[in-house]
Amino acid sequence: MSKRIDINNLNVYYGSFLAVEDVSLAIEPKSVTAFIGPSGCGKSTFIRTLNRMHEVIPGARVEGEVLMDGVDLYGSDVDPVTVRRHVGMVFQRPNPFPTMSISENVLAGVKLNNKRISRSDADDLVESSLRGANLWAEVKDRLDKPGSSLSGGQQQRLCIARAIAIKPDVLLMDEPCSALDPISTLAIEDLIQDLKEQYTIVIVTHNMQQAARVSDRTAFFNIAGTGKPGKLIEMNDTPTMFSTPVEKATEDYISGRFG
Ligand SMILES: Nc1ncnc2c1ncn2[C@@H]1O[C@H](COP(=O)(O)OP(=O)(O)O)[C@@H](O)[C@H]1O
Ligand SMILES: [Mg+2]
């Protein structure tokens, strides 16, 4: 559970539209990497290439390499389903399956992967995943209630429990707090700090304070104008990015001068 990701010269397309151009960067294991940048610069597009979710959109494709411990996730013999088992994802809006109970939600990803598990193993996995997502104490007496009966912040932690139940190496989070209130946001940020001891975490956030609080390294993406591709402008350890960025565009963005 400590895989390093190296992205080399990645171009990301929707049909003929080049949405993200020539990105090369490395993601260190067991740390938090934040992607920041103005709306439309391709943060969501780029993060979805890291677990081969991008290509589920008709016409969407990539060029370049995404190496995980040296193995190209886009290699011809690599099964995208296997990739998604190693690289879990949490989305902007908490999206528990509304008709499923809390415990069924936790197990949903495991069942999708066609794993048969005994009742007691399932119970153990539900508990350990909910503990891992810092939700166990709040839901342990109502595991059979619908996932949709939880608050927004609890639903997002349920989605994190669902993601970690498949025991991924990497967790991708695309603006996981943008639909949450400030208290729930802090709960998720605390959780991210706990999770990075075990997982490699990549988070997209439009909230610069959040990037500064939770991440070890920050990558700034920008776009030159509508219809132009997003590009990686600069990446560094987070304190350096926020105190002494090299590029003027980074400084302008983090000081709130645009975007
Ligand atoms: N499903 C899609 N089909 C075509 N273009 C898309 C699709 N999703 C996003 N885009 C385009 O890709 C670019 C980057 O979008 P996105 O990755 O959502 O940016 P961000 O997450 O940084 O706001 C935008 O120009 C957007 O319109
Ligand atoms: Mg986005």
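Heads up: these notes are all about the structure in this document.

Thresholds, definitions, all that
- Residues numbered from 1 in each chain as written.
- Chains lettered and ligands numbered in written order.
- Predicted model: local features only at pLDDT ≥ 70, side-chain atom pairs only at ≥ 80, totals over all residues.
- Heavy atoms only, no water.
- Pairing = 2+ DSSP bridges.
- Helix = DSSP H or I, 4+ residues; strand = E, 2+ residues; numbered from the N terminus.
- Contact = heavy atoms within 4.5 Å.
- Buried < 20%, exposed > 50% of the residue type's maximum accessible area, 1.4 Å probe, protein only.
- Near = heavy atom within 4 Å.
- Polar contact = N/O pair within 3.5 Å; in protein donor to acceptor, adjacent residues only side chain to side chain.
- Areas by Shrake-Rupley, 256 points an atom, 1.4 Å probe, with all protein chains shown as cover.
- Nonpolar A, V, L, I, M, F, W, Y, C, P; charged D, E, K, R; others polar.
- Salt bridge = Lys/Arg side-chain N within 4 Å of Asp/Glu carboxyl O.
- Axes fitted to C-alpha atoms, helices over the stretch in contact; angles between N-to-C directions.
- Parallel < 35°, antiparallel > 145°, perpendicular 65-115°, else oblique.
- Phe/Tyr/Trp six-rings, centres within 6.5 Å; stacked < 30°, edge-to-face > 60°.
- Lys NZ or Arg CZ within 6 Å of the ring centre and 35° of its normal.

Looking at the pairing of strand β4 (residues 60-68)
Part 1 of the argument: One ladder, built from eight bridges, connects strand β1 (residues 5-14) with β4; its direction is antiparallel. Along β4, the bridge assignment pairs Asn-8 with Glu-65.
Part 2 of the argument: Both β4 and strand β5 (residues 71-72) contribute to a ladder of two bridges, which runs antiparallel. Following the sheet pairing, Leu-67 is matched in β5 by Asp-72.
Part 3 of the argument: Joining the antiparallel neighbours β4 and β5 is a turn of two residues, in which Asp-69 adopts a positive phi near 45°.

Brief notes about the environment of Ala-165
Part 1 of the argument: Within the secondary structure, Ala-165 sits in helix α6 (residues 152-165).
Part 2 of the argument: The sequence separation of Ala-165 and Ala-133 amounts to 32 residues, and the corresponding C-alpha distance is 9.8 Å.
Part 3 of the argument: Other than its neighbours up to four places away in sequence, Ala-165 contacts Val-106, Val-110, Leu-125 and Ser-129.

What to know about the environment of Gln-193
Part 1 of the argument: Inspection of the secondary structure assignment puts Gln-193 in helix α7 (residues 182-195).
Part 2 of the argument: Given the relative accessible area of 27%, Gln-193 is considered partly exposed.
Part 3 of the argument: Remark: the alpha-carbon pair of Gln-193 and Val-214, spanning 21 residues in sequence, is separated by 6.8 Å.

Considerations on the site of ligand 1
Part 1 of the argument: In the vicinity of ligand 1, the residues found are Tyr-14, Phe-17, Ala-19, Pro-38, Ser-39, Gly-40, Cys-41, Gly-42, Lys-43, Ser-44, Thr-45 and Ile-57.
Part 2 of the argument: One of the side-chain nitrogen or oxygen atoms of Tyr-14 is found 3.2 Å away from a nitrogen atom of ligand 1.
Part 3 of the argument: In this structure, Gly-42 approaches ligand 1 through a main-chain N or O atom, which is 3.0 Å from an oxygen atom.
Part 4 of the argument: Taken by itself ligand 1 offers 560 Å² of open surface, and the protein chains cover 62% of this.
Part 5 of the argument: At the level of secondary structure, the elements contributing two or more residues to the shell around ligand 1 comprise β2 (17-27) and α1 (43-48).
Part 6 of the argument: When residues of the shell around ligand 1 are assigned to their parent elements, the largest contribution, three residues, is made by α1.
Part 7 of the argument: By residue class, the composition of the shell around ligand 1 is six nonpolar, five polar and one charged.

Examining the pattern of salt bridges
A side chain of one charge can pair with a side chain of the opposite charge if their charged atoms are brought near each other.
Part 1 of the argument: Tallying each qualifying case throughout the model produces twelve salt bridges.
Part 2 of the argument: Of the charged contacts, one joins Glu-21 and Lys-231 as a salt bridge, the two residues approaching to 3.5 Å between their closest N and O atoms. Of this pair, Glu-21 sits in strand β2 while Lys-231 sits in strand β10 (residues 230-237), placing them 210 residues apart in sequence.
Part 3 of the argument: Given a relative accessible area of 38%, Lys-231 falls into the partly exposed group.
Part 4 of the argument: Where salt bridges share partners, they join Arg-4, Asp-6 and Glu-28 into one cluster.

Observations regarding the packing of helix α3 (residues 102-112) against helix α4 (residues 119-132)
Part 1 of the argument: Close contact between α3 and α4 brings their axes to 10 Å; oriented N to C, the two are set at 100°. On the basis of the axis angle, α3 is roughly perpendicular to α4. Judged by residue contacts, Ile-102, Ser-103, Val-106, Leu-107 and Val-110 of α3 engage Ala-122, Leu-125, Val-126, Ser-129 and Leu-130 from α4.
Part 2 of the argument: Residue composition of the contact of α3 with α4, grouped by class: eight nonpolar, two polar and no charged.

Notes on unusual backbone geometry
Part 1 of the argument: Notably, Lys-30 is not glycine yet its phi reads approximately 50°, a positive angle.
Part 2 of the argument: By the secondary structure assignment, Lys-30 is in the loop between β2 and β3 (32-36).
Part 3 of the argument: Of note in this structure, Asn-134 is not a glycine but carries a positive phi near 60°.
Part 4 of the argument: Along the chain, Asn-134 turns up in the loop between α4 and α5 (136-139).

Some points on the packing of aromatic side chains
Part 1 of the argument: Applying the stated rule across the entire model yields four aromatic pairs.
Part 2 of the argument: Ring centres 5.4 Å apart and planes at 50° place the aromatic pair Phe-35 and Phe-46 in the tilted group. Of this pair, Phe-35 sits in strand β3 while Phe-46 sits in helix α1, placing them eleven residues apart in sequence. The pair formed by Phe-35 and Phe-46 is uniform in burial state, with each residue classed as buried.
Part 3 of the argument: Between the aromatic rings of Phe-46 and Phe-221, the centroid separation amounts to 5.4 Å while the plane-to-plane angle is 45°, which identifies the pairing as tilted. Of this pair, Phe-46 sits in helix α1 while Phe-221 sits in strand β9 (residues 217-223), and the two are 175 residues apart along the sequence. When sorted by exposure, Phe-46 lands in the same class as Phe-221, which is buried.
Part 4 of the argument: In this structure an aromatic cluster arises from ring pairing among Phe-35, Phe-46 and Phe-221.
Part 5 of the argument: One Lys or Arg, Arg-61, reaches over the ring of Tyr-13 and ends 4.1 Å from the middle of that ring.

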